[in-house]
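Observations on chain architecture
Below are the chains, spelled out letter by letter.
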Amino acid sequence: MAKNDLSESAPKIARRQVLQLGGMGLSAGLIGRALAQGTQGSMDEPATPWPAAFDPRGTAPTFPPRERPKPGDKIHVYDIDVTIGIHEIVPGVQAHMFLFNKTYPGPEIRVKEGDWVQVNLKNSSPEFHTIHWHGIMLPMEMDGVPLGTQWPVGPDQEFRYLWKAQPTGTHFYHCHVMTTLHQQAGLIGSLIVEPSGPDLVQQAFPYTREYTLILSELDTNFVRDMMSEMVEMGVQMERMNHSPSMMREMNGRMMGWFKNKDEFVKAVKDGYIPPYLAARTGTARPITPNYFMINGKSYPMTDPVMIRRGENIRVRLIGGGFMPHFMHLHGHDFWHVCQDGSPLASPVRMNTIPIFPGTTSDIVIQGTNPGFWHFHDHSDLATTNNGQHPGGMMTMLMYEDAREAGIKWEEVIAISS
Amino acid sequence: MKMAITGIGILAASALTAAAGAQTQQSPVKDVGIQTQIEIAGSGLSTLDIGRGGLFGGRGLGSRSQINFADSSLSLGAAQRLYRGGIGSFTFGGLTIDESNVGHGKQFFMHQAFADFQELRYEAYLGRTNSPAAQIVAFPTIREDDLVDFTSVLDPFSDGANAEEHRYSNVAALVINRGLRQFLNVHAQHQIDSAGVGEGDTGLNSFGLSYQYEGNPALKTIERVPSFGAGFEHRAVKQSAGGASDVIYAGGILNLQPGLVNKLDLRFLGQATFGNDTAALSSLNDTYRADQQAIALSLRKLYSPFGHPASQWALTAGAKRYSKISDANSCGVALSYAKSLGQGFDFISQVGYEHRSEVMANAFEGRRDSAVFQIGLAFNFGSTFNQSVGPRRSPTNLLHQYIPN
């Protein structure tokens, strides 16, 4: 679990450098955590009323998406390398995965609204990749859709993304090549755009700690089979690169790629019968997830969410998979404050929040009931590991000061998986 | 079982393949676990055969034509992940044999019934399965026992009524590998003794070892030499049948024209047997047992326009001579064609010819020449249920560290 203690401003990603265009002096310490100097969040602190103004023009970008950096603009530069590695979901269950900088999920990117972000994507895997910046208003050419807005980044190739961070809120990034495989197989990370001005959530619910929970699921059999297919294709192409005669044998249909609809329709007339005949990159069968994860781990290996009595904590929930999840917190209500990055017109009190694929929801949990509480997907299939309960998309809300409040619990973890 | 274009079956063709483990009796240790992985694989193969001289292999039944559904097969496997990264499995399967075509007599041959345990470094299997020698190279004839006298290391205990006896036996083997690419197979066998020339009906009558190299499966159409192997086998033939026989063999595949779309490969198998004193050929068993040297070669042109096999031409030829028997040469040739009509379903055709010199022909009821034309359909299929175990030699396992699940 990506715990973001705002008193610690250590970046989650190896930030190579902060470029300075023009004469404005900058330091890395200024980047990111504007709230790092914030006071200890408390329910007892005075809170400002929630701004409920509704602006029908409100979806317009703050900055023109197609503008270019000007002298003096900050540019945060990140290097992201895609490799194949082994990720352990729970002890004894490993899978070959695509990894951003060798981690699953990928490193968190956290910038302030209006900052420029330059990401140097390097592909050190044998498969094609891109990065889609989900929720960001940016130039089309930076949107990361392969064969749509850019050519996919091939093995040993690099691509430079450059965009201005907007709008404020919880977003995420993921590979957009064969998303059913690549996003599921690890190519996802959180992308937090902090407000350049006042943080409405902070003002209404003073907090010092926040957590980011990427919810996703995994069909280990699908990923295993398809990763092998991808690696096979990649290894073949690497060899074929050294043979002009074999390179001439490559064609788009082999990959399930067509220049346009007409070519696709012609291929069908010629006998190609998708989806009953898979391309080399096609799926062999429907996807059936058997592991459900929070930040790449299944219970009991998920990290707990820590809180203290009287504290507000902000939890950013990201629907990073292909299934909806219904996160239920025991013993508490919480406030739903933001959806897809934007503050709601009015916070909503609830104890179960649906997180649909591609959406993000920010909630504020208030430390009102000391103890040791389950926080899990209430679609119970998702609280299993390979069909065995308990497991899956489940973590605990733990009060650090529960014992001081006279609460005791048995430190027992039930495992049947 | 034979897959005309797409290659070798999922379960039955190779003990190197992670097969599977179902039980028909209670395990001595009753346990509760997740559902066992189940695999089903099959091959339907039917041809209309027209020929003379005993049809293919000279083992015809006097007919000039037949509807041939031999070598159709169905296999069932089950597999389970075990402690410490092990995988346990059991495979059971049968196939139709030549005799089933006539409508009476034996219908099925149990070609697979073996338990297998494997982990990263080694594999052990026990039961009825492919003879280790039959795993070195597969030839692209329509049926795997076409031209079997040249393309297989023969079972010296067989009476010749059932060609599958050359391909399958009861095996106890330990396979040690290096990098999942090089395999050393040490084994004992009870080769099927239908001729009664062994030292017992069920005892071990054959011992040997074989070495096999298998390249990265991702590069099997691209690397010049995707696989090769060699082996030695000692067979305990009765003294009254000429005495013990040894055989050495070597084979492999050479990609003459590597490629994903247009591929031309050469397959070869050479073998030499020695030590048996049989000096006359009066029965088919004599022809398998007597000291001999044989070679088989095959040229295969595979066309896969979009990465999927679409058509295949193959020319397979073999020749044999005997060390201690003169005028006992034989040779054979088969021109095979397969065209995919869709995934797993092929139109198949083959014309074959075999010639035997006079002494050799004596063992074939005097037939010096036989020829056959075959045309038909083949359907190869497979499906996995409750999947929890992956292929052992997947490209990711070979290139990015082995994971057992």
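The name recorded for chain A in an unreviewed UniProt entry is Multicopper oxidase domain-containing protein, from Fimbriimonas ginsengisoli.

**A short note on the sheet that holds strand E9 (residues 169–174) of chain A**
Residues and elements named next belong to chain A. Taken in spatial order, the 4 strands line up as E5-E10-E9-E7 in an open sheet, and their pairing is mixed. Only two strands of the sheet have a single neighbouring strand rather than two, namely strand E5 (106–112) and strand E7 (132–134). Across this sheet, the average inter-strand angle for adjacent strands is 20°, counted without regard to direction. Here 6 bridges tie E9 to strand E10 (residues 188–194), and the two strands are oriented antiparallel to one another.

**Re the interface of chain A and chain B**
Counting residues at the interface gives 32 residues for chain A and 31 residues for chain B. Carbon and sulfur atoms make up 59% of the surface buried where chain A meets chain B, a total of about 2,700 Å² over both sides. It is His96, Arg224 and Glu249 of chain A that lose the most area in chain A upon contact with chain B, and together they represent 21% of the buried surface on that side. Run the count over chain A and chain B and you get 1 salt bridge. As a salt-bridge pair, Glu223 of chain B and Arg239 of chain A come within 3.8 Å of each other at their nearest N and O atoms. Inspection of the region where chain A meets chain B yields 7 residue pairs in polar contact (both at pLDDT 80 or more). Taken together, the elements giving at least two residues each to the side of chain A that touches chain B come down to strand E3 (74–90), strand E4 (93–100), helix H3 (220–240) and helix H5 (252–255) of chain A. If you tally residues by element for the side of chain A that touches chain B, the top one is H3 of chain A, at 11 residues. Residues belonging to the side of chain A that touches chain B are distributed by class as follows: 15 nonpolar, 9 polar and 8 charged.

**A few points about the pattern of salt bridges**
All names here are of chain A. This model, assessed by the stated rule, comprises 27 salt bridges over all chains. Of the charged contacts in the structure, one is a salt bridge between Arg209 and Glu400, with a shortest N-O distance of 2.9 Å. With Arg209 in strand E11 (residues 209–218) and Glu400 in the segment after strand E21 (394–399), this residue pair connects regions lying 191 residues apart in the sequence. Linking Arg309 and Asp401 is a salt bridge whose minimum nitrogen-to-oxygen distance equals 3.1 Å. With Arg309 in the loop between strand E13 (305–307) and strand E14 (312–319) and Asp401 in the segment after E21, this residue pair connects regions lying 92 residues apart in the sequence. Judged by its relative accessible area of 40%, Arg309 falls in the partly exposed class. Here the residues in one salt-bridge network are Glu108, Arg110, Glu194, Asp199, Glu210, Arg314, Arg316 and Asp362, joined through shared partners.

Rules used in this analysis
- Residues numbered from 1 in each chain as written.
- Chains lettered and ligands numbered in written order.
- Predicted model: local features only at pLDDT ≥ 70, side-chain atom pairs only at ≥ 80, totals over all residues.
- Heavy atoms only, no water.
- Pairing = 2+ DSSP bridges.
- Helix = DSSP H or I, 4+ residues; strand = E, 2+ residues; numbered from the N terminus.
- Axes fitted to C-alpha atoms, helices over the stretch in contact; angles between N-to-C directions.
- Contact = heavy atoms within 4.5 Å.
- Buried area = accessible area lost by both parts, 1.4 Å probe.
- Salt bridge = Lys/Arg side-chain N within 4 Å of Asp/Glu carboxyl O.
- Polar contact = N/O pair within 3.5 Å; in protein donor to acceptor, adjacent residues only side chain to side chain.
- Nonpolar A, V, L, I, M, F, W, Y, C, P; charged D, E, K, R; others polar.
- Buried < 20%, exposed > 50% of the residue type's maximum accessible area, 1.4 Å probe, protein only.

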